[in-house]
Amino acid sequence: SRYRMTFNTTSIQDFVGYTRKFDNEGATCFVNAEKMTAKTIFDLGTIDHPEHKEHKALLSLRKTAAYLALLGCDGTKVSQKNAAEFLEDWEDSIQILNQSSEIMTLQQATKALRDLTIESAREVNSQMSDFGESMSAMERIEAKNQHSLPASIIFSCTPYLSLGSRDFTIRLSIITGGDRPAIGLRITRLDAAEEDIALEFKDLLVSNFSELTLKTYIGEA
């Protein structure tokens with residue numbers, strides 16, 4: 001006498017198509033933009049005629065492989081070798097810039113990372129007077145030829161299937177002090193980008209359902 005099933009998908013197109021097919025009076029879609037999920041309850045009913053809530057469609061977006069790789073590098077400290085291999089693995093998705101914001105080739109960037117040289121200098125200042133003496137020491141450790149090193153990476157990818165491609169900026173820093181130098185990677189303004197992605201997801205569903213009978217709400221049921 002009625003549908004008793006839950007349709008699960010990771011495809012926005014299939015979720016929208018299924019929802020359109022079973023659209024009816026009392027159907028309601030709840031969109032959770034933070035979790036990148038949505039749920040349509042087709043037999044929610046109305047206040048006067050509540051129904052059984054046994055026919056549903058669930059959408060849960062999955063991060064793409066490129067977006068997972070991007071998030072995995074954020075806030076990490078990697079070896080020179082791993083940093084160079086990261087650039088090589090995602091050559092088709094990145095643009096590399098030096099400290100002057102000039103574009104570097106992949107070969108230039110990986111060679112600079114693998115051939116990194118660290119300079120260490122110690123400066124001692126001594127002062128003597130009739131009433132005493134003082135001495136201070138300052139140690140300076142820095143990467144040689146910093147102007148030729150990659151300073152940032154523009155990483156272009158589609159975070160979730162069916163959403164638009166975005167550019168993310170990864171900052172590179174040289175970390176000294178250990179036995180070997182390390183490369184620090186950090187995504188700039190990641191929180192703001194995630195907010196924009198969530199808004200894009202919400203607006204995409206709302207616009208696809210604007211002509212339907214069902215109601216759309218931002219939240220979770």
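In short, a report on the structure.

Definitions and cut-offs
Here the residue numbers are simple positions, counted from 1 along each chain's written sequence. Whole-chain, interface and lining totals are the exception, using all residues; otherwise, since this is a predicted model, local features are given only for residues with pLDDT of at least 70 and side-chain atom pairs are given and counted only at 80 or more. No hydrogens and no water enter the side-chain calculation; it runs on all heavy atoms of the structure. Geometry of aromatic contacts follows a simple scheme: Phe, Tyr and Trp rings, the Trp one being its six-membered ring, pair when their centres are within 6.5 Å, and the pair is stacked under 30 degrees between planes, edge-to-face over 60, tilted otherwise. Helix and strand assignments come from DSSP, with helices taken as H or I runs of at least 4 residues and strands as E runs of at least 2, each series counted from the N terminus. Whether a residue is buried, partly exposed or exposed follows from its accessible area with a 1.4 Å probe, protein chains only, as a fraction of its type maximum: under 20%, in between, or over 50%, in that order.

**Some thoughts on the packing of aromatic side chains**
(1) Moving on: Enumeration according to the criterion identifies 10 aromatic pairs in this entry.
(2) Moving on: Measuring from centroid to centroid gives 5.8 Å for tyrosine 67 and tyrosine 160, while their planes differ by 55°, and the two rings are tilted. One end of the pair, tyrosine 67, is in helix α2 (residues 65-73); the other, tyrosine 160, is in the loop between β10 (150-157) and β11 (166-175), with 93 residues separating them in the sequence. Per residue, the accessibility class of tyrosine 67 equals that of tyrosine 160, and both read buried.
(3) Moving on: Plain terms: the ring middles of tryptophan 90 and phenylalanine 155 are 5.8 Å apart, the flat faces sit at 55° to each other, and that makes the pair tilted. With tryptophan 90 in the loop between α3 (80-89) and β6 (94-98) and phenylalanine 155 in strand β10, the pair connects residues that are 65 residues apart, well separated along the chain.
(4) Moving on: For tryptophan 90, a relative accessible area of 23% corresponds to the partly exposed category.
(5) Moving on: For phenylalanine 155, a relative accessible area of 0% gives the class buried.
(6) Moving on: Clustering of aromatic rings is evident, with ring pairs tying together Phe7, Tyr18, Phe22 and Phe42.

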